[in-house]
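The lines below spell out each chain.
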Amino acid sequence: MKFLSYVLSSVFAVIFFLTILIFHPLQWLSLNLLGKNSHKKVVEVLNFVIIKLMLIVGTRVILKNKYKIPKECSIIFVSNHQSIFDIPPIVWFFRKHNPKFVAKKELGKGIPSISYNLKHGGSVLIDRENSNQAMDVLVNFSKTINKNNWGVAIFPEGTRSRTGHPKRFATNGLKIITKYNKNGYIVPLTINNSWKVFKYGKFPLGLGNNITITAHEPVKISSLSFEELFKKTESIIKKHVIN
């Protein structure tokens, strides 16, 4: 099985790299010639393609959502974090809410397509070593989210869980974003089995995993104090994690 994993992972890696190479100039052309709306569509298609490429290693991504997510307001998707493959499904499945991301500044360069989108697609890059810079950037980002009724995806664990078991949730980022988006909603997300794709490390990839993303009932930000909101959100997400 591991031999097959090496073979299929190699095929996936080559096609994945070619995909992000191809979509990099497509993003540039769409943004500079047709505008932000066109760029958004290209990014959505890129993430859809990445989800389908995962079928090469037998990985399917399934969304479970029985709730209607409000429109015409900011939506904060709060999720546990298990692998880099958590991100494309959030972009694609919740594309109507235009989700942006808070990412470390190192991701803003050197990665075809991905770095370009982080720098030009409305997401924000923060310096984890400079708390003052991170605070100022997050405040401005939160105001922009509110002004444009965008969505934002945040992973309070900060880093990925290598075993699927959730780490401690940090309050800082979520506290700032909710402060400037009182009329919006938090949508807790629980991701399961994404970590299994990397159970051998970075290479080869694990085969035959069903990644599930479960969207829980939206919570009005202004309905609870931040402490209650944070506790409720963390509890809901972690309660549904399957180890």
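Calculation notes
- Residues numbered from 1 in each chain as written.
- Predicted model: local features only at pLDDT ≥ 70, side-chain atom pairs only at ≥ 80, totals over all residues.
- Heavy atoms only, no water.
- 1 Å grid on protein atoms, 1.4 Å probe; cavity = no way out; pocket = protein on both sides within 12 Å on 5 of 7 lines; lining within 4 Å.
- Points joined across faces, edges and corners; volume = space filled by probe spheres on them.
- Nonpolar A, V, L, I, M, F, W, Y, C, P; charged D, E, K, R; others polar.
- Phe/Tyr/Trp six-rings, centres within 6.5 Å; stacked < 30°, edge-to-face > 60°.
- Helix = DSSP H or I, 4+ residues; strand = E, 2+ residues; numbered from the N terminus.
- Buried < 20%, exposed > 50% of the residue type's maximum accessible area, 1.4 Å probe, protein only.
- Lys NZ or Arg CZ within 6 Å of the ring centre and 35° of its normal.

Here's the deal with the layout of surface pockets
Empty pockets left among the atoms are what a rolling probe the size of a water molecule brings to light.
Next, step 1: The volume enclosed by the second largest pocket comes to roughly 160 Å³.
Next, step 2: Along the walls of the second largest pocket sit Leu-63, Asn-65, Tyr-67, Lys-68, Ile-69, Lys-71, Phe-93, Phe-94, Arg-95, Lys-96 and His-97, which together make up its complete lining.
Next, step 3: Residue classes in the lining of the second largest pocket are distributed as five nonpolar, two polar and four charged.

Regarding the packing of aromatic side chains
Next, step 1: For the structure on display, the rule yields seven aromatic pairs.
Next, step 2: Between the aromatic rings of Phe-77 and Phe-94, the centroid separation amounts to 4.6 Å while the plane-to-plane angle is 35°, which identifies the pairing as tilted. You can see Phe-77 sitting in strand 2 (residues 75-79) and its partner Phe-94 sitting in the loop between helix 3 (87-93) and strand 3 (99-104), a full 17 residues away along the chain.
Next, step 3: Overall, Phe-77 belongs to the buried group, its relative accessible area being 0%.
Next, step 4: Of the residues examined, Phe-94 reaches a relative accessible area of 3% and is grouped as buried.
Next, step 5: Through successive ring pairs, a cluster of aromatic residues spans Phe-12, Phe-16, Phe-85 and Phe-198.
Next, step 6: In this structure, Arg-95 is placed above the aromatic ring of Trp-92, and the distance from its NZ or CZ to the ring centre is 3.8 Å.
Next, step 7: For Lys-238, the ring lying beneath its charged end belongs to Phe-169, and the centroid distance is 4.9 Å.

What is shown is where atoms sit, not what they do.
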